[in-house]
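Read off the chains here:
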Amino acid sequence: MNKLSVLKITDLTKRYYNKTALENVSLDFEQGKIYGLLGPNGSGKTTLMKVVAGLHKQTSGSVLINDEMLSYKSKAYVSYMPTENYLYENFKVIDILKYYNTMYEDFRYDYAVNLLNDIDVNSDIKISNLSSGQIGKLKTVIALSRDAQIYMLDEPLNGVDVLSRDTILDLIAKSHSENKIIIISTHLVSEIEKILDTVIFLKEGIVEVFGDAEELRQERQLSVEGIYKEVFRNA
Amino acid sequence: MEFNNNIPIYLQVIEKIKQDIVSGKLKPGEKMPSSRDYSNELGINFNTVARVYRELENEEIVFTKRGLGTFITESDQIIEKLRYTMAKNQITAFIDGMKQLGYTKEDMIKFIETENNYLEGNE
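Presented here is a report on the structure given in the accompanying data block. These figures come from a predicted structure and were not determined experimentally.

Cut-offs used in this document
In this numbering scheme, every chain counts its residues from 1 along its sequence in written order. Written order determines the labels here, with chains lettered from A and ligands numbered from 1. Confidence filtering applies because this is a predicted model: local features only for residues at pLDDT of at least 70, side-chain atom pairs given and counted only at 80 or more, and all residues used for totals across whole chains, interfaces and linings. Side-chain numbers here rest on the full set of heavy atoms in the structure, without hydrogens or water. A pair of strands is treated as paired once DSSP finds two or more bridges between them. Only runs of H or I of at least four residues qualify as helices and only runs of E of at least two qualify as strands under DSSP, and these elements are numbered from the N terminus. For helices, the axis comes from a line fit to the C-alpha atoms of the stretch in contact; other axes are also lines fit to C-alpha atoms, and the angle between any two N-to-C directions lies between 0 and 180 degrees. A contact between two residues is defined here by any heavy atoms of the two lying within 4.5 Å. Note that the term roughly parallel is reserved for angles under 35 degrees, roughly antiparallel for angles over 145, roughly perpendicular for angles of 65 to 115, and oblique for everything else. It is the rotation of the near helix from the far one that decides the hand of a crossing: anticlockwise by less than a right angle makes it left-handed, clockwise makes it right-handed. Between buried and exposed lies partly exposed: a residue is buried under 20% and exposed over 50% of the maximum accessible area for its type, with that area taken using a 1.4 Å probe on protein chains only. Only residues above 30% relative accessible area that lack a salt bridge enter a patch, with like-charged residues linked at up to 9 Å and the nonpolar side chains Val, Leu, Ile, Met, Phe, Trp and Tyr linked at up to 5 Å. Areas reported as accessible are Shrake-Rupley estimates using a 1.4 Å probe. Residue values count occlusion only from the protein chains shown. Salt bridges are defined as contacts in which a side-chain nitrogen from Lys or Arg sits within 4 Å of a carboxyl oxygen from Asp or Glu.

**Digging into the sheet that holds strand S6 (residues 78-81) of chain A**
Residue and element names in this part refer to chain A.
(1) Moving on: Reading across the sheet, the six strands line up as S6-S7-S8-S3-S9-S10 and stay open at both edges, with mixed pairing between neighbours. Of all the strands in the sheet, the pair left with one neighbour each is S6 and strand S10 (206-212). The average angle at which neighbouring strand axes cross in this sheet is 15°, direction not considered.
(2) Moving on: Pairing analysis gives four bridges linking strand S3 (residues 33-38) to strand S9 (residues 198-203), with the strands arranged parallel. The residue bridging Tyr35 from the neighbouring strand is Thr198, located in S9.
(3) Moving on: Across the face of the sheet, helix H7 (residues 213-220) comes into contact with S9 and S10 while running at roughly 90° to S10.

Here it is in structure tokens:
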């Protein structure tokens, strides 16, 4: 089966002053797959996402979305969820949804409301009164409620309790469809691996492993987490 | 369903479906859930379930009707063969394990007979 390449990264390098965050990263992302961008803190995961989201500019190399160079236009294809809590504390949940609804043309307001109902996040509560698990869930719902082509979720499980983690993984798996790409960065490999199609191990800005999760398990008789531990043991 | 992450997930789902067919939990001709529904139920990626159905179709254990979905085979012959293969895998593993413990064929048979009460008590 030939799948459409929606996001193509070629020889991407990003340097900050004297530090190299990404080095000659080449990755081809196909429609309909969930990708795990895996690596310890400081391995370049966030930098990679920010470049694709158009928030950072690469030092060299190219990023093509639907065969077009990154531009103001390509940002419309990408829904990016940063790892930090960027939500206004004094807003109620419902106000946040309304805000996104006016900010993004492709925001699916009813879809977001329904998702929040399903996972029991009360939309009348102020952001400052939400637990970190609820914040994590809300951020995920917001990112997934845009009708984008590429979803990039930076550490969606960080600082989130175990039950909320399950809810977030369910949200991601359920929202996935044949014409989307979902890229999830995390170092919590065991939690996430069952929903991944393809894994990318990023080690100090270099791609160490890029492959199908099931084939890796079969070849190495190990879980993705087991392989991860082998690759990063000395990191 | 709990998964063992050391083994490809699609193989674990295939094994479970085969067991359910052999045990009669899934009936011949029964309609399977869509990839989407099944993946939601299992908490996994729908591509994994699509792969499960593809592999099972190659083995002629399920068949798809265009636009209608995926169905368990209606062939008694295929189900009988599946039952035989799965039972054979079990007994092979059992025999290998007992051999490693130093059991002879006669010891094994005697062992099964003496455990018979236990087996029946658990039925």
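**Considerations on the packing of helix H3 (residues 109-118) of chain A against helix H4 (residues 132-145) of chain A**
All names here are of chain A.
(1) Moving on: Running from N to C, H3 and H4 cross one another at 150°; their axes reach a closest spacing of 9 Å. Here H3 is positioned roughly antiparallel relative to H4, judged by the angle of their axes. Note that H3 runs across H4; the crossing there is right-handed. Side by side, H3 and H4 meet where Tyr111, Ala112, Leu115 and Leu116 of the first sit next to Leu138, Val141, Leu144 and Ser145 of the second.

**Section: the side chain of Arg165(A)**
(1) Moving on: Summarising the element assignment, Arg165(A) is placed in helix H5 (residues 162-175).
(2) Moving on: Accessibility expressed as a relative area gives 15% for Arg165(A), which makes it buried.

**Considerations on a nonpolar patch on the surface**
Residue and element names in this part refer to chain A.
(1) Moving on: On the surface, Tyr88, Tyr99 and Met103 cluster together into a nonpolar patch covering about 310 Å² of accessible area.
(2) Moving on: Tracing the backbone through its elements, the reader meets Met103 in helix H2 (residues 93-103).
(3) Moving on: Since its relative accessible area comes to 46%, Met103 is described here as partly exposed.

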